[in-house]
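Spelled out, the chains give:
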Amino acid sequence: LSVAVSAPVGDDWSDAAGYEECPDWVVANKTLPEPVDDICGVKLECPDRKAVNNPDCGFGIRKVLGGKWVSTKVDENLGEKKYEKAFMSLFFYISGANSDSAKIPMTAPVLTKSYMDSSYKEVAATMHFYIPAAFQANPPTPTDSQVYIEEWDDALVYYRALGEESPVKVWVEEYTNLATALQKTGTTFYPYMTVGAGFSQPGSKQQRFEAMFVAN
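Residues numbered from 1 in each chain as written. Predicted model: local features only at pLDDT ≥ 70, side-chain atom pairs only at ≥ 80, totals over all residues. Heavy atoms only, no water.

Caption draft 1: The side chain of Glu-210, seen in detail. Relative to the assigned elements, Glu-210 resides in strand E9 (residues 209-214). Using a relative accessible area of 0% as the deciding quantity, one classes Glu-210 as buried. Engagement of the side chain of Glu-210 in a polar contact is seen with the side chain of Arg-62, the distance being 2.9 Å. Leaving out residues up to four positions away in the same chain, Glu-210 has contacts with Val-36, Arg-62, Tyr-159, Arg-160, Ala-161, Leu-162, Trp-171, Val-195, Gly-196, Ala-197 and Phe-199. (Helix = DSSP H or I, 4+ residues; strand = E, 2+ residues; numbered from the N terminus. Buried < 20%, exposed > 50% of the residue type's maximum accessible area, 1.4 Å probe, protein only. Polar contact = N/O pair within 3.5 Å; in protein donor to acceptor, adjacent residues only side chain to side chain. Contact = heavy atoms within 4.5 Å.)

Following this line, the structure appears as structure tokens:
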């Protein structure tokens, strides 16, 4: 069982989340997210990244360096099982369902991209695992036709952190607050794609999830 770690939101929150929370959104004893630096390079390999200083409240900024990811489309016809199915398709790939039968280490974060139409209705989604450095140069080909390799450019991302798995309404609130904070500072971002990131291994004492937008 995971154990929630809670503390007053303030310096503890900014140290854990990576940014200062805006006063209007402070929640006492909110579950602290596990710091990225306690996960990446310690527990799991992550894409190379650079923190970007942010004088504003309500969000963090990070530059994620380019690299290869293994990806699959989320089957919208599967209802509540759609994300589980996408995850397992990628998990099978790293477990040996590839041209080399290679066992590829798990990485973080697991990304879910949701694509919106002009009315902000979700029309499609994809899920992604980062390919670790040992396999970056020549990742084995997936044996599942629904799984594919992509190479991404560097990206500037804006994020809000969560310290526990949360229902959809909480994620909607986080994306709304993120958009509000970015708009207040005049920061431009692409509004028709949300990115949900999961950094934590199942059963971890501390958890980290992030709601993200990507810079234009």
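Caption draft 2: Seen up close, helix H2 (residues 82-94). Given a rise of 1.5 Å per residue, 13 residues ought to cover 18 Å, and the 19 Å separating the end C-alpha atoms of H2 matches this to within 8%. Considered for burial, the residues of H2 that qualify are Lys-82, Ala-86, Ser-89, Leu-90, Tyr-93 and Ile-94. Down the axis, H2 shows its buried residues gathered within 140° of arc, on one side only. Buried residues belonging to H2 abut strand E3 (67-73), strand E5 (122-130) and strand E6 (147-152). (Expected span 1.5 Å × (residues − 1). Arc of directions from axis to C-beta.)

Caption draft 3: Just the environment of Gly-67, in detail. Checked against the element boundaries, Gly-67 lands in strand E3. Note on Gly-67: relative accessible area 4%, which makes it buried. As for Gly-67 and Glu-151, which are separated by 84 residues in sequence, their C-alpha atoms are 5.5 Å apart.

Caption draft 4: Geometry of the state of the cysteines. Inspection of every chain in the model, using the stated rule, returns 2 disulfides. The residue that forms a disulfide with Cys-40 is Cys-46, at a sulfur-sulfur distance of 2.0 Å. Judged by the torsion about the S-S bond (-80°), the Cys-40/Cys-46 disulfide is left-handed. Numbered in order of appearance, the disulfide-bonded cysteines of the protein are paired 1-4, 2-3. (Disulfide = S-S within 2.5 Å.)

Caption draft 5: Up close: the pattern of salt bridges. The full count for this structure, using the stated rule, is 12 salt bridges. Among the salt bridges present, the one from Glu-151 reaches Lys-68, with a minimum N-O distance of 4.0 Å. Linking Glu-151 in strand E6 with Lys-68 in strand E3, this pair joins segments that are 83 residues apart in sequence. Taking relative accessible area as the criterion, Lys-68 reaches 17% and is therefore assigned buried. Ionic pairing is found between Lys-81 and Glu-84, a salt bridge with its closest N-O pair at 3.6 Å. Counted as one network, the salt bridges with shared partners bring together Glu-21, Lys-30, Arg-160 and Glu-174. (Salt bridge = Lys/Arg side-chain N within 4 Å of Asp/Glu carboxyl O.)

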